[in-house]
Amino acid sequence: MLSNPMPPRLLLGALCGIVLGMMTTSANAGVFYDWVCDDPTCNGDPAFSSSMEIANTAFAAGSFIGVVGNVLSWDTSSGIGDGYSLSLGDILSGPPGSNTDDDDNLQIVLTADKSEISDLLDISAGTNITFFDASVGRVDFFEGVGGGYSVGSLQDFSPVTVTSSIIVAGRFVRRAAQVPEPASLGLLGLGLAGLGLYRRRRKTA
(Lines give C-alpha, C1' and ligand atoms only; values in the text may rest on other atoms or scores of the structure.)
Protein backbone atom coordinates (compact mmCIF):
# COMPACT_ATOMS: atom_id res chain seq x y z
CA MET A 1 0.00 0.00 0.00
CA LEU A 2 1.42 3.39 -1.00
CA SER A 3 1.70 5.87 1.85
CA ASN A 4 2.07 8.83 -0.50
CA PRO A 5 0.39 8.07 -3.84
CA MET A 6 0.37 10.61 -6.60
CA PRO A 7 -2.85 12.68 -6.60
CA PRO A 8 -5.14 11.58 -9.45
CA ARG A 9 -5.26 15.13 -10.87
CA LEU A 10 -1.46 15.33 -11.02
CA LEU A 11 -1.22 11.93 -12.69
CA LEU A 12 -3.90 12.91 -15.19
CA GLY A 13 -2.09 16.19 -15.88
CA ALA A 14 1.18 14.37 -16.55
CA LEU A 15 -0.48 11.96 -18.96
CA CYS A 16 -2.27 14.84 -20.73
CA GLY A 17 1.04 16.67 -21.10
CA ILE A 18 2.59 13.67 -22.82
CA VAL A 19 -0.40 13.15 -25.13
CA LEU A 20 -0.69 16.84 -26.03
CA GLY A 21 3.04 17.09 -26.62
CA MET A 22 2.96 14.17 -29.02
CA MET A 23 -0.14 15.47 -30.79
CA THR A 24 1.12 19.03 -31.28
CA THR A 25 4.53 17.80 -32.41
CA SER A 26 2.93 15.75 -35.20
CA ALA A 27 0.01 18.03 -36.05
CA ASN A 28 1.55 21.51 -36.05
CA ALA A 29 4.53 20.85 -38.30
CA GLY A 30 3.98 19.96 -41.93
CA VAL A 31 6.53 18.38 -44.27
CA PHE A 32 9.08 20.73 -45.82
CA TYR A 33 10.41 20.62 -49.38
CA ASP A 34 13.39 22.80 -50.34
CA TRP A 35 14.35 23.94 -53.83
CA VAL A 36 17.65 22.56 -55.15
CA CYS A 37 19.05 24.13 -58.34
CA ASP A 38 20.56 21.79 -60.91
CA ASP A 39 23.30 24.38 -61.39
CA PRO A 40 25.15 25.21 -58.10
CA THR A 41 25.13 28.91 -59.02
CA CYS A 42 21.38 28.78 -59.81
CA ASN A 43 22.27 30.16 -63.23
CA GLY A 44 23.28 33.60 -61.99
CA ASP A 45 21.16 33.86 -58.84
CA PRO A 46 23.06 31.86 -56.18
CA ALA A 47 20.97 33.51 -53.42
CA PHE A 48 17.77 32.01 -54.83
CA SER A 49 15.88 29.79 -52.39
CA SER A 50 12.37 28.40 -52.04
CA SER A 51 10.88 26.28 -49.25
CA MET A 52 7.38 24.82 -49.19
CA GLU A 53 5.59 23.33 -46.18
CA ILE A 54 2.95 20.76 -47.10
CA ALA A 55 0.25 19.78 -44.59
CA ASN A 56 0.48 16.22 -43.24
CA THR A 57 -2.85 15.21 -44.78
CA ALA A 58 -1.82 16.47 -48.23
CA PHE A 59 1.56 14.78 -47.86
CA ALA A 60 -0.15 11.50 -47.01
CA ALA A 61 -2.38 11.80 -50.09
CA GLY A 62 0.65 12.34 -52.35
CA SER A 63 -1.29 14.58 -54.75
CA PHE A 64 -3.59 17.56 -54.28
CA ILE A 65 -5.07 20.62 -55.95
CA GLY A 66 -5.34 24.02 -54.27
CA VAL A 67 -3.35 25.87 -51.64
CA VAL A 68 -5.86 26.29 -48.79
CA GLY A 69 -5.44 23.52 -46.23
CA ASN A 70 -2.73 21.83 -48.28
CA VAL A 71 0.23 24.24 -48.38
CA LEU A 72 0.98 25.77 -44.98
CA SER A 73 3.80 28.05 -46.12
CA TRP A 74 5.87 28.78 -49.21
CA ASP A 75 8.73 31.26 -48.87
CA THR A 76 10.84 32.23 -51.88
CA SER A 77 13.81 34.62 -52.04
CA SER A 78 15.92 35.98 -54.89
CA GLY A 79 19.17 37.93 -55.01
CA ILE A 80 18.22 39.77 -58.21
CA GLY A 81 18.50 43.55 -57.80
CA ASP A 82 18.81 44.38 -54.11
CA GLY A 83 17.23 41.05 -53.17
CA TYR A 84 13.66 40.33 -52.11
CA SER A 85 11.38 37.70 -50.60
CA LEU A 86 7.87 36.51 -51.41
CA SER A 87 5.50 34.28 -49.45
CA LEU A 88 2.50 32.00 -49.94
CA GLY A 89 0.07 34.93 -50.13
CA ASP A 90 1.88 36.22 -53.22
CA ILE A 91 0.94 33.35 -55.54
CA LEU A 92 -0.88 35.13 -58.35
CA SER A 93 -1.48 34.41 -62.01
CA GLY A 94 -0.92 36.82 -64.86
CA PRO A 95 1.50 39.62 -65.76
CA PRO A 96 2.66 42.31 -63.30
CA GLY A 97 -0.33 44.46 -62.43
CA SER A 98 -2.77 41.57 -62.62
CA ASN A 99 -4.47 40.56 -59.37
CA THR A 100 -6.07 37.30 -60.41
CA ASP A 101 -5.96 34.94 -57.48
CA ASP A 102 -4.75 31.55 -58.70
CA ASP A 103 -4.35 29.63 -55.45
CA ASP A 104 -7.10 27.12 -56.31
CA ASN A 105 -5.36 26.06 -59.55
CA LEU A 106 -2.10 24.89 -58.03
CA GLN A 107 -1.59 21.14 -58.40
CA ILE A 108 1.22 19.31 -56.64
CA VAL A 109 2.12 15.66 -57.10
CA LEU A 110 4.80 13.89 -55.04
CA THR A 111 7.03 11.09 -56.24
CA ALA A 112 6.11 7.55 -55.18
CA ASP A 113 8.59 7.63 -52.28
CA LYS A 114 7.62 11.27 -51.50
CA SER A 115 11.25 12.35 -51.55
CA GLU A 116 10.58 15.02 -54.20
CA ILE A 117 7.78 16.97 -55.85
CA SER A 118 7.38 15.42 -59.29
CA ASP A 119 4.76 17.81 -60.67
CA LEU A 120 4.15 21.48 -59.88
CA LEU A 121 1.37 22.65 -62.17
CA ASP A 122 -1.04 25.48 -62.86
CA ILE A 123 -4.14 23.69 -64.10
CA SER A 124 -5.87 26.88 -65.27
CA ALA A 125 -5.32 28.51 -68.68
CA GLY A 126 -1.89 29.76 -67.56
CA THR A 127 1.30 27.75 -67.86
CA ASN A 128 3.15 29.11 -64.86
CA ILE A 129 2.75 29.67 -61.14
CA THR A 130 3.59 33.25 -60.24
CA PHE A 131 4.64 34.88 -57.00
CA PHE A 132 3.78 38.54 -57.49
CA ASP A 133 3.90 41.56 -55.20
CA ALA A 134 3.85 44.95 -56.90
CA SER A 135 5.94 46.52 -54.14
CA VAL A 136 8.49 43.70 -53.93
CA GLY A 137 9.00 41.52 -56.97
CA ARG A 138 7.99 38.53 -59.00
CA VAL A 139 9.08 34.90 -59.44
CA ASP A 140 7.68 32.51 -62.05
CA PHE A 141 7.75 28.74 -61.75
CA PHE A 142 7.24 27.30 -65.23
CA GLU A 143 5.88 23.83 -65.87
CA GLY A 144 6.95 21.48 -68.60
CA VAL A 145 10.60 22.57 -68.91
CA GLY A 146 12.81 19.53 -69.47
CA GLY A 147 9.98 17.25 -68.41
CA GLY A 148 9.56 18.97 -65.06
CA TYR A 149 9.56 22.61 -64.02
CA SER A 150 11.95 25.49 -63.45
CA VAL A 151 12.18 29.12 -62.44
CA GLY A 152 11.85 31.15 -65.62
CA SER A 153 11.61 34.80 -64.58
CA LEU A 154 12.87 36.91 -61.69
CA GLN A 155 11.99 40.58 -61.20
CA ASP A 156 12.85 42.98 -58.40
CA PHE A 157 10.58 46.06 -58.27
CA SER A 158 12.35 48.02 -55.52
CA PRO A 159 13.91 50.53 -55.62
CA VAL A 160 14.15 50.14 -59.40
CA THR A 161 12.93 47.31 -61.63
CA VAL A 162 15.59 44.71 -62.34
CA THR A 163 14.60 41.76 -64.54
CA SER A 164 16.34 38.47 -65.19
CA SER A 165 14.72 36.02 -67.59
CA ILE A 166 17.07 33.19 -66.67
CA ILE A 167 16.01 29.58 -66.61
CA VAL A 168 16.84 27.98 -63.27
CA ALA A 169 16.25 24.25 -63.55
CA GLY A 170 15.88 22.32 -60.32
CA ARG A 171 13.52 20.41 -58.07
CA PHE A 172 11.89 20.45 -54.64
CA VAL A 173 13.49 17.87 -52.34
CA ARG A 174 12.08 16.73 -49.00
CA ARG A 175 13.96 18.18 -46.01
CA ALA A 176 15.84 15.41 -44.20
CA ALA A 177 15.55 16.39 -40.54
CA GLN A 178 12.71 18.22 -38.85
CA VAL A 179 12.93 19.33 -35.21
CA PRO A 180 9.72 19.54 -33.10
CA GLU A 181 8.61 23.00 -31.96
CA PRO A 182 9.86 24.17 -28.51
CA ALA A 183 6.30 24.44 -27.15
CA SER A 184 5.54 20.86 -28.12
CA LEU A 185 8.78 19.65 -26.54
CA GLY A 186 7.90 21.58 -23.39
CA LEU A 187 4.54 19.86 -23.01
CA LEU A 188 6.12 16.48 -23.60
CA GLY A 189 8.91 17.24 -21.12
CA LEU A 190 6.50 18.34 -18.38
CA GLY A 191 4.47 15.17 -18.78
CA LEU A 192 7.54 12.93 -18.61
CA ALA A 193 8.88 14.87 -15.61
CA GLY A 194 5.58 14.35 -13.81
CA LEU A 195 5.67 10.60 -14.39
CA GLY A 196 9.33 10.48 -13.32
CA LEU A 197 8.49 12.24 -10.06
CA TYR A 198 5.63 9.78 -9.49
CA ARG A 199 7.92 6.77 -9.94
CA ARG A 200 10.52 8.28 -7.61
CA ARG A 201 7.93 8.86 -4.88
CA ARG A 202 6.71 5.28 -5.24
CA LYS A 203 10.26 3.92 -4.72
CA THR A 204 10.85 6.04 -1.60
CA ALA A 205 7.41 5.33 -0.12
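Above: the structure in question.
Residues numbered from 1 in each chain as written. Predicted model: local features only at pLDDT ≥ 70, side-chain atom pairs only at ≥ 80, totals over all residues. Heavy atoms only, no water.

Participant: Now, about the overall build of the protein chain: what can you tell me, with residues and values included?
Facilitator: A count of helical and extended segments in the protein chain gives three helices and 14 strands. Here the protein chain holds 205 residues, and the buried ones make up 39% of them. Here the analysis covers contacts within the protein chain between residues at least 6 apart in sequence; of these, 58% occur between residues at least 24 apart. (Helix = DSSP H or I, 4+ residues; strand = E, 2+ residues; numbered from the N terminus. Buried < 20%, exposed > 50% of the residue type's maximum accessible area, 1.4 Å probe, protein only. Contact = heavy atoms within 4.5 Å.)

Participant: Tell me what's going on with the pairing of strand S4 (residues 71-78), and back it up with residues and numbers.
Facilitator: Relative to S4, strand S2 (residues 49-54) is paired through six bridges, and the arrangement is antiparallel. Paired with Ser-49 across the strands is Ser-77, a residue of S4. Examined bridge by bridge, S4 and strand S5 (residues 84-86) share three bridges and lie antiparallel to one another. For Ser-78, the partnering residue across the bridge sits in S5 and is Tyr-84. Remark: five residues form the turn of the hairpin made by S4 and S5, two consecutive strands paired antiparallel; Gly-81 in that turn has positive phi of roughly 65°. (Pairing = 2+ DSSP bridges.)

Participant: Residue-level account of the packing of aromatic side chains, with values.
Facilitator: A complete count under the given rule lists 12 aromatic pairs for this structure. Taking the centre distance of 6.3 Å and the plane angle of 85° together, the rings of Trp-35 and Phe-48 count as edge-to-face. A residue pair is termed long-range when its members are at least 10 positions apart, and Trp-35 in strand S1 (residues 31-37) and Phe-48 in the loop between S1 and S2 qualify at 13 residues. Take Trp-35: its relative accessible area is 8%, and that puts it in the buried class. (Phe/Tyr/Trp six-rings, centres within 6.5 Å; stacked < 30°, edge-to-face > 60°.)

Participant: Which residues make up the environment of Thr-76, and what are the values?
Facilitator: Along the polypeptide, Thr-76 turns up in strand S4. By relative accessible area, which is 1% here, Thr-76 ends up buried. Between the C-alpha atom of Thr-76 and that of Arg-138, which follows or precedes it by 62 residues, the distance is 9.9 Å. When residues no more than four places from it in sequence are discounted, the contact partners of Thr-76 are Phe-48, Ser-49, Ser-50, Tyr-84, Ser-85, Leu-86, Phe-131, Val-139 and Phe-141.

Participant: Which residues make up the pattern of salt bridges, and what values do they have?
Facilitator: Following the criterion strictly, the structure yields four salt bridges and no others. As a salt-bridge pair, Asp-34 and Arg-175 come within 2.9 Å of each other at their nearest N and O atoms. Here Asp-34, found in strand S1, pairs with Arg-175, found in the loop between strand S14 (168-174) and helix H3 (182-204); they are 141 residues apart in sequence, far enough to count as distant. The salt bridge partner of Glu-116 is Arg-171, with a shortest N-O separation of 3.2 Å. In this pair, Glu-116 sits in the loop between strand S8 (106-110) and strand S9 (117-122) while Arg-171 sits in strand S14, placing the two residues 55 residues apart along the sequence. Three or more residues are tied together by salt bridges with common partners; here these are Asp-38, Glu-116 and Arg-171. (Salt bridge = Lys/Arg side-chain N within 4 Å of Asp/Glu carboxyl O.)

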